[in-house]
Amino acid sequence: MIPIRNKRKTLQVTVDEMRNFALAYVEKYAPSKQQLRTYLLKKYLKLSVPNVKKQDVTNLIDIVLSDLEKNKFINDKFYSESKAKSMIRRGSSINKIRNYLIGKGVNDEFIKDTVNKINEDNSDQDFFSAIKICKKKRIGPARIDDNRPLFYKKDISLLARSGFDFETSKKVMELKKDDYLKIIKLL
């Protein structure tokens, strides 16, 4: 059987295609709502359907997104909480988590709820995350005692680039080796 090449695409076909693209993307990546909107817009621009305005496409994307949200395929609150948990396990600071979620287009209300929930669970989360970074990168208290003064500035700057404030970084850098080892055993 020879496929028909000149089949015209109608608006209904693009809605079905958009829904299929969205479901495939959600299944593979578990994105935020904004990430999915960006993906569908890029995917549509590659398709280049004639005689359809960009405004119509954005309306269709909104319809598909609201349908997926209603059926609980995408949920920004769940997305922000799950990303925050995984980033905390890796040792990310609260600032880094907040900036990551803002970059992904998550609603400010969900970001505030997530950050407040992190602070309620552990009031000094940044301190423990900084210790995890020290362990992973072998800096600060994880270094040999002879090298610690030589690499102090370098270690502080690495913690600052990871999103920790100066007080937290200084507190971690002043830990003694045996205190550090006790805390690592607790984590």
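This section reports on the structure supplied with the text. Note that the coordinates shown come from a computational prediction; the quantities given were computed from them, not determined experimentally. (Residues numbered from 1 in each chain as written. Predicted model: local features only at pLDDT ≥ 70, side-chain atom pairs only at ≥ 80, totals over all residues. Heavy atoms only, no water.)

This structure, assessed with the given rule, holds three aromatic pairs. Centre to centre, the rings of Tyr25 and Tyr29 are 4.9 Å apart; their planes meet at 50 degrees, and the pair counts as tilted. Placement of both Tyr25 and Tyr29 in helix 1 (residues 11-29) is noted, with a separation of four residues, approximately one turn of the helix. On the numbers, 4.1 Å between centres and 15 degrees between planes, the contact of Tyr25 with Tyr39 is stacked. One end of the pair, Tyr25, is in helix 1; the other, Tyr39, is in helix 2 (residues 33-47), and 14 residues separate them in sequence. Relative accessible area serves as the criterion here: at 17%, Tyr25 is assigned to the buried category. For Tyr39, a relative accessible area of 22% puts it in the partly exposed group. Among the aromatic side chains, those forming a connected cluster through ring pairs are Tyr25, Tyr29 and Tyr39. (Phe/Tyr/Trp six-rings, centres within 6.5 Å; stacked < 30°, edge-to-face > 60°. Helix = DSSP H or I, 4+ residues; strand = E, 2+ residues; numbered from the N terminus. Buried < 20%, exposed > 50% of the residue type's maximum accessible area, 1.4 Å probe, protein only.)

One pass over the structure, following the stated rule, counts seven salt bridges. For Glu81, the salt bridge is made with Lys117, and the minimal N-O distance between the two is 4.0 Å. On the criterion of sequence distance, the pair formed by Glu81 in helix 4 (residues 76-90) and Lys117 in helix 6 (residues 108-121) is long-range, its members being 36 residues apart. Two residues, Arg148 and Asp145, come together in a salt bridge whose shortest N-O distance is 4.0 Å. Look at Asp145 and you get partly exposed, because its relative accessible area is 49%. (Salt bridge = Lys/Arg side-chain N within 4 Å of Asp/Glu carboxyl O.)

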